[in-house]
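This is what each chain is made of:
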Amino acid sequence: PAARERRTVIFEGGAMKQFVSIAALAVLTACSSGPRISSDYSPGDAENAIRRANADFAAAARSGNAPALVDNYYAPDAEVMAPNMLAFRGREAIRAFWTAFLANGSVDVALTSTNVTQPSSEVAIETGRYDLSIRPASGQAIKDAGKYMVLWKKSNGRWWAAKDIFNSDMPK
């Protein structure tokens, strides 16, 4: 009940900025849903997987498929940090967030990696930009653009988003 009340408050009234921020979080989340890759270390394997994950995340968001978006992107113990909100920890909390977010209308998101650093065989850090549009069932599209950072960890030959943080470049 408390989580439901909180979601209602986010999307009602004059809280458009919070809504846009949450939308941007959704975009960030999309960055990690890539297919399995080799468990052998090779420079650049994270970057290739992350770029594929970005495309998969955007496709899942466009289709409104929160379970696929979360289960194919985030590590089981992942954390999503959106502006002006408490962190979402674990797939269940992240799935609840994305389910509520995607229920608000048609989502179109583009994620563009600007840098992927892979300091080891099991860790990568991605920075990038997102462009987001949410079209509610009635009304005008809500647009946002901003930047993000995702800490990726490799487990069992697969890259997973472990920490995901983003913020908007749009004025308040």
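Quick caveat, the model's predicted, so the values are computed rather than measured.

Caption draft 1: Geometry of unusual backbone geometry. In this structure, Asn84 takes a positive phi of about 60 degrees despite not being glycine. Exposure remark for Asn84: the relative accessible area of 54% places this residue in the exposed category. One non-glycine residue with positive phi stands out, namely Asn156, at about 50 degrees. Among the secondary structure elements, Asn156 is positioned in the loop between β5 (142-155) and β6 (158-168).

Caption draft 2: Seen up close, the sheet that holds strand β1 (residues 74-81). If you trace the six strands from one edge of the open sheet to the other, you get β2-β1-β6-β5-β4-β3, paired in mixed fashion. This sheet does not close on itself; its edge strands, each paired only once, are β2 (88-89) and β3 (106-120). Across four bridges, β1 lies against β6 in parallel orientation. Bridge pairing links Val80 to Asp164 in β6. In this fold helix α5 (residues 90-102) packs onto β1, β2, β3, β4 (123-135) and β6, with an angle of close to 55 degrees to the strand it touches most, β1.

Caption draft 3: A look at the environment of Ser138. In this fold, Ser138 is placed in the loop between β4 and β5. Looking at Ser138, the relative accessible area reads 61%, which means it is exposed. Distance in space between the C-alpha atoms of Ser138 and Gly105 is 8.7 Å, their sequence separation being 33 residues.

The rules we used
Residues numbered from 1 in each chain as written. Predicted model: local features only at pLDDT ≥ 70, side-chain atom pairs only at ≥ 80, totals over all residues. Heavy atoms only, no water. Buried < 20%, exposed > 50% of the residue type's maximum accessible area, 1.4 Å probe, protein only. Helix = DSSP H or I, 4+ residues; strand = E, 2+ residues; numbered from the N terminus. Pairing = 2+ DSSP bridges. Contact = heavy atoms within 4.5 Å. Axes fitted to C-alpha atoms, helices over the stretch in contact; angles between N-to-C directions.

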